[in-house]
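Each chain is listed here by its residues.
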Amino acid sequence: TYSYTVKAVNNDIASEESNSIEATTLVGAVITYGTIPVFYQEVNSSESKALTINGSYLTDKITLSLSSEEYFTLDKEEIDITGGNVNITYQPSTVGEHEVNLTLNSLNATEVTVKITGTAIPVPVLATAATDIDNTSFTANWEANDNATDYLLTVKQGETIVIEDKSSEGAN
């Protein structure tokens, strides 16, 4: 809310102030959103999470678009002027960190950009029976994993770690 007064001026000589008037400006069109989902899952799997989007004083629908659809997709491209939920699906095909920008837009509203992130982890390995067992050693074995570049082998005796070693070998 604002207030204003006016003075008449002639050759730098001013009148007294006028009466005071109050003016309340209209609230502008606004798009807001709830908690941004974060994705953390195995590569070559799929997970969907909802993002709540709200609209205030909008006169047209809210449009939604992604900067890329390589790892993320949306279940809709627009929602009602009051808002709603959009389901974001993360389906990574490669191990690593991925991000995408979700753009929210509506007529006469400031465009909003939301960063969505996901981390794709390798599928767990399956350890198989040890071989070449003797009194002081054995060969650890596991199935190779197409998404792994290395393996971290942890050998324990009871609860004590006796070996922790990174290996680029698959299968043993």
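The preceding data block contains the structure.
Anyway, here's the lowdown on the structure attached to this text.

The rules we used
- Residues numbered from 1 in each chain as written.
- Predicted model: local features only at pLDDT ≥ 70, side-chain atom pairs only at ≥ 80, totals over all residues.
- Heavy atoms only, no water.
- Helix = DSSP H or I, 4+ residues; strand = E, 2+ residues; numbered from the N terminus.
- Rg over C-alpha atoms; globule rule 2.2 N^0.38 Å.
- Buried < 20%, exposed > 50% of the residue type's maximum accessible area, 1.4 Å probe, protein only.
- Contact = heavy atoms within 4.5 Å.
- Areas by Shrake-Rupley, 256 points an atom, 1.4 Å probe, with all protein chains shown as cover.
- Lys, Arg positive; Asp, Glu negative; His and termini not counted.
- Charge placed at Lys NZ, Arg CZ, Asp CG, Glu CD.
- 1 Å grid on protein atoms, 1.4 Å probe; cavity = no way out; pocket = protein on both sides within 12 Å on 5 of 7 lines; lining within 4 Å.
- Points joined across faces, edges and corners; volume = space filled by probe spheres on them.
- Nonpolar A, V, L, I, M, F, W, Y, C, P; charged D, E, K, R; others polar.
- Salt bridge = Lys/Arg side-chain N within 4 Å of Asp/Glu carboxyl O.
- Pairing = 2+ DSSP bridges.
- Axes fitted to C-alpha atoms, helices over the stretch in contact; angles between N-to-C directions.

**Quick notes on the overall build of the protein**
The secondary structure content of the protein amounts to zero helices and 17 strands. Rg of the C-alpha trace for the protein: 30 Å, well past the compact-globule value of 16 Å for 172 residues, more than 25% over. Each principal axis of the C-alpha distribution contributes one length, and for the protein these read about 110 × 35 × 25 Å. Scored against the burial criterion, the 172 residues of the protein give a buried share of 24%. Summarising the internal contacts of the protein: among those between residues at least 6 apart in sequence, 46% fall at separations of at least 24. Working note: accessible area of the protein is about 11,800 Å², and carbon and sulfur atoms make up 47% of it. Averaged over its 7 positive side-chain charges, the protein has a centre that lies 6 Å from the centre of its 25 negative ones.

**A look at the layout of surface pockets**
In this structure, the largest pocket encloses a volume near 320 Å³. If you trace the largest pocket, you find 18 residues lining it, with Val125, Ala127, Trp142, Leu152 and Leu153 closest to the centre. Elements with a contribution of two residues or more to the lining of the largest pocket: strand 14 (127–131), strand 15 (139–142) and strand 16 (151–157). Ranked by residue count, the leading element in the lining of the largest pocket is strand 16, at six residues. Residue composition of the lining of the largest pocket, grouped by class: 13 nonpolar, four polar and one charged.

**A closer look at the pattern of salt bridges**
Applying the stated criterion across every chain, the model contains three salt bridges. For Glu78, the salt bridge goes to Lys61, with nearest N and O atoms at 3.8 Å. In this pair, Glu78 is assigned in strand 10 (residues 78–79) and Lys61 in the loop between strand 7 (47–56) and strand 8 (62–66), connecting sequence segments 17 residues apart. With a closest N to O distance of 3.8 Å, Glu99 and Lys115 form a salt bridge. Residue Glu99 is located in strand 12 (residues 96–105), and its partner Lys115 is located in strand 13 (residues 112–121); the two are separated by 16 residues in the primary sequence. Overall, Glu99 belongs to the exposed group, its relative accessible area being 53%.

**Some details on unusual backbone geometry**
Although it is not a glycine, Asn11 sits at a positive phi angle of roughly 50°. The topology assignment puts Asn11 in the loop between strand 2 (9–10) and strand 3 (13–14). In this model, Asp12 sits at a positive phi of 65°, which is unusual for a non-glycine residue. Looking at the secondary structure, you find Asp12 in the loop between strand 2 and strand 3. For Asp12, a relative accessible area of 78% corresponds to the exposed category.

**Things to note about the sheet that holds strand 7**
Sheet architecture is open: four strands sit in the order 5-7-11-9, paired in antiparallel fashion. Taken across any chain shown, the strands that pair with only one partner, and hence form the sheet edges, are strand 5 (30–33) and strand 9 (72–74). With strand direction ignored, the average angle separating the axes of adjacent strands in the sheet is 30°. With four bridges joining them, strand 5 and strand 7 adopt antiparallel strand pairing. Note that in strand 7 the partner of Tyr33 across the bridge is Ile53.

**What about the side chain of Thr103?**
Looking at where Thr103 falls in the secondary structure, it is placed in strand 12. The exposure class assigned to Thr103 is buried, which follows from its relative accessible area of 19%. Apart from residues lying up to four places away in sequence, Thr103 is in contact with Thr63, Leu64, Ser65, Glu111, Val112 and Thr113.

Everything listed here is a matter of geometry and, on its own, says nothing about what the molecule does.
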